[in-house]
Amino acid sequence: GKSGELADVFGRVREELHGRLSAADVECLVSMMHGLTQGGQLDSVRQVFDFVVDHSARRSPSLVPAYNALMAALSNAGLHDEVVEVFDELMMRSSPNERSCELVLQALHHQGDSMRCAEIE
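Please read these numbers as outputs of a predicted model, since none were measured by experiment.

### Digging into the nonpolar core
Nonpolar side chains in soluble globular proteins tend to end up buried together.
Okay, step 1: If you look at the biggest cluster of nonpolar residues, it comprises 40 residues, and the most contacted ones within it are Leu29, Met33, Val48 and Val52.
Okay, step 2: Every element with two or more residues in this core is listed here: helix H1 (2–16), helix H2 (23–38), helix H3 (42–54), helix H4 (63–76), helix H5 (80–93), helix H6 (98–111) and helix H7 (114–120).
Okay, step 3: The leading source of residues in this core is H4, at 10 residues.
Okay, step 4: Among residues more than four places away in sequence, those in contact with Val48 are Leu6, Phe10, Leu29, Met32, Met33 and Leu36.

Written out as structure tokens, the structure reads:
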């Protein structure tokens, strides 16, 4: 079922891609990540995320929603440590937005890391 569909989407995107994803492509893939998150398909969410990162410019601002979608999926799955790791990676590559900060603060609260919370707030 789902993973076949994913492969089709990737195949189609790859064919239409000439190296880089456009902002619209990323938006489309990010909304796919949200859909997969609701379906509890964390592995597929990760695959889409990796695909987006691999096909985007290193410091592309359109990556931020993809990072946020991954963090939301991880948070959903209760993987708070990983949310923080992804946030740190995002900090190195781009500027987190409000949503990114909300997501990581949630994770840090779960971990009881109040020092780090204060830093981010």
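### Re the packing of H2 against H4
Okay, step 1: Taken N-terminus to C-terminus, the directions of H2 and H4 make an angle of 5°; their axes are 9 Å apart at the nearest point. When the axis of H2 is compared with that of H4, the two are roughly parallel. In contact with Val30, Met33, His34 and Thr37 of H2, H4 contributes Pro65, Ala66, Ala69, Leu70, Ala73 and Asn76.
Okay, step 2: Residue classes in the contact of H2 with H4 are distributed as 7 nonpolar, 3 polar and no charged.

### Here we look at a negative patch on the surface
Okay, step 1: A surface patch of like charges, here negative, comprises Asp50, Asp54, Asp81, Glu85 and Glu89.
Okay, step 2: Mapped onto the negative patch, the elements with two or more residues apiece are H3 and H5.
Okay, step 3: For the negative patch, the leading source of residues is H5, giving 3 residues.
Okay, step 4: Tracing the chain through its elements places Asp81 in helix H5.
Okay, step 5: Judged by relative accessible area, Asp81 falls into the partly exposed class, the value being 49%.

### Examining the side chain of Arg116
Okay, step 1: As for its position among the elements, Arg116 is in helix H7.
Okay, step 2: Within the structure, the side chain of Arg116 is placed 2.8 Å from the side chain of Asp88, a separation counted as a polar contact.
Okay, step 3: Not counting chain neighbours up to four residues away, the residues in contact with Arg116 comprise Val84, Phe87, Asp88 and Leu108.

### Some thoughts on the pattern of salt bridges
Okay, step 1: For the structure on display, the rule yields 4 salt bridges.
Okay, step 2: Of the charged contacts in the structure, one is a salt bridge between Arg99 and Glu102, with a shortest N-O distance of 3.2 Å. A residue pair is termed a helical-turn pair when its members lie 3 or 4 positions apart in one helix, as Arg99 and Glu102 do in helix H6 at 3 residues.
Okay, step 3: Between Arg116 and Glu119 there is a salt bridge; the shortest N-O distance is 3.5 Å. In this pair, Arg116 and Glu119 are both assigned in helix H7, 3 residues apart and thus about one turn of the helix distant.

### Examining the side chain of Ser94
Okay, step 1: Along the polypeptide, Ser94 turns up in the loop between H5 and H6.
Okay, step 2: Apart from the residues within four sequence positions on either side, Ser94 is in contact with Arg59, Ser60, Pro61 and Val64.

The rules behind the values
- Residues numbered from 1 in each chain as written.
- Predicted model: local features only at pLDDT ≥ 70, side-chain atom pairs only at ≥ 80, totals over all residues.
- Heavy atoms only, no water.
- Core = buried A, V, L, I, M, F, W, Y, C linked by side-chain atoms within 4.5 Å.
- Buried < 20%, exposed > 50% of the residue type's maximum accessible area, 1.4 Å probe, protein only.
- Helix = DSSP H or I, 4+ residues; strand = E, 2+ residues; numbered from the N terminus.
- Contact = heavy atoms within 4.5 Å.
- Axes fitted to C-alpha atoms, helices over the stretch in contact; angles between N-to-C directions.
- Parallel < 35°, antiparallel > 145°, perpendicular 65-115°, else oblique.
- Nonpolar A, V, L, I, M, F, W, Y, C, P; charged D, E, K, R; others polar.
- Patch = residues over 30% accessible without salt bridge, like charges linked within 9 Å, V, L, I, M, F, W, Y side chains within 5 Å.
- Areas by Shrake-Rupley, 256 points an atom, 1.4 Å probe, with all protein chains shown as cover.
- Salt bridge = Lys/Arg side-chain N within 4 Å of Asp/Glu carboxyl O.
- Lys, Arg positive; Asp, Glu negative; His and termini not counted.
- Charge placed at Lys NZ, Arg CZ, Asp CG, Glu CD.
- Polar contact = N/O pair within 3.5 Å; in protein donor to acceptor, adjacent residues only side chain to side chain.

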